[in-house]
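Working through the structure, step by step
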Amino acid sequence: LLYSDAGGHWLAAMVSAGLSLLAAILTLVLLKEPATRVKSSSALAGFKLGLSKLSKPTIVVLFGIQLAYMAVFSGFEVTLSVFTHFFHHFSVQQNSWLFVYAGFLALIVQGGLARRAPKNLKRYTIIGLVVMALGCVIAVSMPTILGLLLFIGAMAVGFGLVNVYMPSLVA
């Protein structure tokens, strides 16, 4: 909505930056540390404790999966607009709406459906990764916009599941 040919992406970028700053400030002001949190004697002690956890194979595997997931997600964000522009002739505004659509679906999954913690976090994380991977692979072969929207939606659901359950697995 904020993009214009005259101003380019500047206004949209500034509004996004402002909203991110507002979110950071609200997080600092409104969210309190849980009373059960154990405070470490120093930041160095906390850092050393964190490093000691990296010796566990499960944590290393989860970090590797998270790294691969973030690389795919970053690649998706960067290349989707280029892909839809060349194969479906999307404008900047149409691509923006595609991201709004995917973001809204991920928001529904993260804020609603995934809010209730299941018993098996690992299973739901794997389901999210598989749904996301299938959505990525199939979306690029969809000749129609309806098909593209369907599989971009699947990708968004997968992203939403992984974004909720992967950090919980690591914790």
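What comes next is a walk through the structure. The numbers attached to residues start from 1 for each chain and follow its sequence in the written order. For this predicted model, a pLDDT threshold of at least 70 governs which residues receive local features, and a threshold of 80 or more governs which side-chain atom pairs are given and counted, while totals over whole chains, interfaces and linings are taken from all residues. The basis for every side-chain value is the complete set of non-hydrogen atoms in the structure, without hydrogens or water.

Interaxial distance between helix α4 (residues 92-111) and helix α6 (residues 145-170) falls to 8 Å at its minimum, and their mutual angle equals 40 degrees. Looking at the two axes, α4 sits oblique to α6. Of the two possible hands of crossing, α4 and α6 adopt the one that is right-handed. Counting all contacts with α4, which are made through Leu98, Tyr101, Ala102, Leu105, Ala106, Val109 and Gln110, the residues of α6 involved are Leu148, Leu149, Leu150, Ile152, Gly153, Ala156, Val157, Phe159, Gly160, Leu161, Asn163 and Val164. Comment: axis = line fitted to C-alpha atoms, over the contacting stretch for helices; angle = value between 0 and 180 degrees taken between N-to-C directions. Here a helix means four or more residues in a row that DSSP labels H or I, a strand means two or more in a row labelled E, and each is numbered from the N terminus. In this scheme, roughly parallel covers angles under 35 degrees and roughly antiparallel covers those over 145, while 65 to 115 is roughly perpendicular and the rest are oblique. Here a crossing is called left-handed whenever its near helix is offset anticlockwise from the far helix by less than a right angle, and right-handed whenever the offset is clockwise. Between two residues, a contact is recorded if the distance between any of their heavy atoms is within 4.5 Å.

In these notes, a set of buried Ala, Val, Leu, Ile, Met, Phe, Trp, Tyr and Cys residues joined through side-chain atoms within 4.5 Å is what counts as a nonpolar core. Whether a residue is buried, partly exposed or exposed follows from its accessible area with a 1.4 Å probe, protein chains only, as a fraction of its type maximum: under 20%, in between, or over 50%, in that order. The biggest cluster of nonpolar side chains holds 19 residues, and the ones touching the most others in it are Tyr69, Phe76, Leu98, Leu148, Ile152, Met155 and Phe159. Looking at this core, the elements that each hand over two or more residues are α3 (57-88), α4, α5 (121-139) and α6. Not counting the four nearest positions on each side in its chain, Leu98 is found in contact with Leu80, Thr84, Phe90, Leu148, Leu149 and Ile152.

What follows deals with the environment of Tyr101. If you trace the backbone, Tyr101 turns up in helix α4. Considering only alpha carbons, one finds Tyr101 and Ala156, 55 residues apart in sequence, at a separation of 8.7 Å.

Moving on, we get to the packing of aromatic side chains. Classification of ring pairs uses Phe, Tyr and Trp, with its six-membered ring standing for Trp, and accepts pairs whose centres are within 6.5 Å; under 30 degrees between planes counts as stacked, over 60 as edge-to-face, and the remaining range as tilted. Applying the stated criterion to the full structure yields eight aromatic pairs. Relative to Phe76, the ring of Phe73 has its centre 6.3 Å away and its plane inclined at 35 degrees; by these criteria the two rings are tilted. Placement of both Phe73 and Phe76 in helix α3 is noted, with a separation of three residues, approximately one turn of the helix. Here the aromatic rings of Phe83 and Phe87 are separated by 4.9 Å at their centres, their planes lie at 35 degrees, and the arrangement is tilted. Of this pair, Phe83 and Phe87 are both found in helix α3, four residues apart, which corresponds to roughly one turn of the helix.

Despite not being glycine, His89 shows a phi value in the positive range, around 60 degrees. Examined against the element boundaries, His89 turns out to sit in the loop between α3 and α4. Among the residues examined, His89 registers a relative accessible area of 65% and is labelled exposed.

Moving on to the layout of surface pockets. A 1.4 Å probe that fits into a set of points on a 1 Å grid over the protein atoms alone but cannot get out defines a cavity; an open set with protein on both sides within 12 Å along at least five of seven lines defines a pocket, and lining residues are those with an atom within 4 Å of a point. Grid points are joined across faces, edges and corners, and a volume is the space filled by probe spheres set on the points. Size it by volume and the largest pocket reaches roughly 530 Å³. Residue lining of the largest pocket: 16 residues in total, with His9, Ala12, Ser16, Ser96 and Phe99 positioned closest to the centre. Those elements giving two or more residues to the lining of the largest pocket turn out to be α1 (10-30) and α4. By residue number, the principal contributor to the lining of the largest pocket is α4, which donates six residues.

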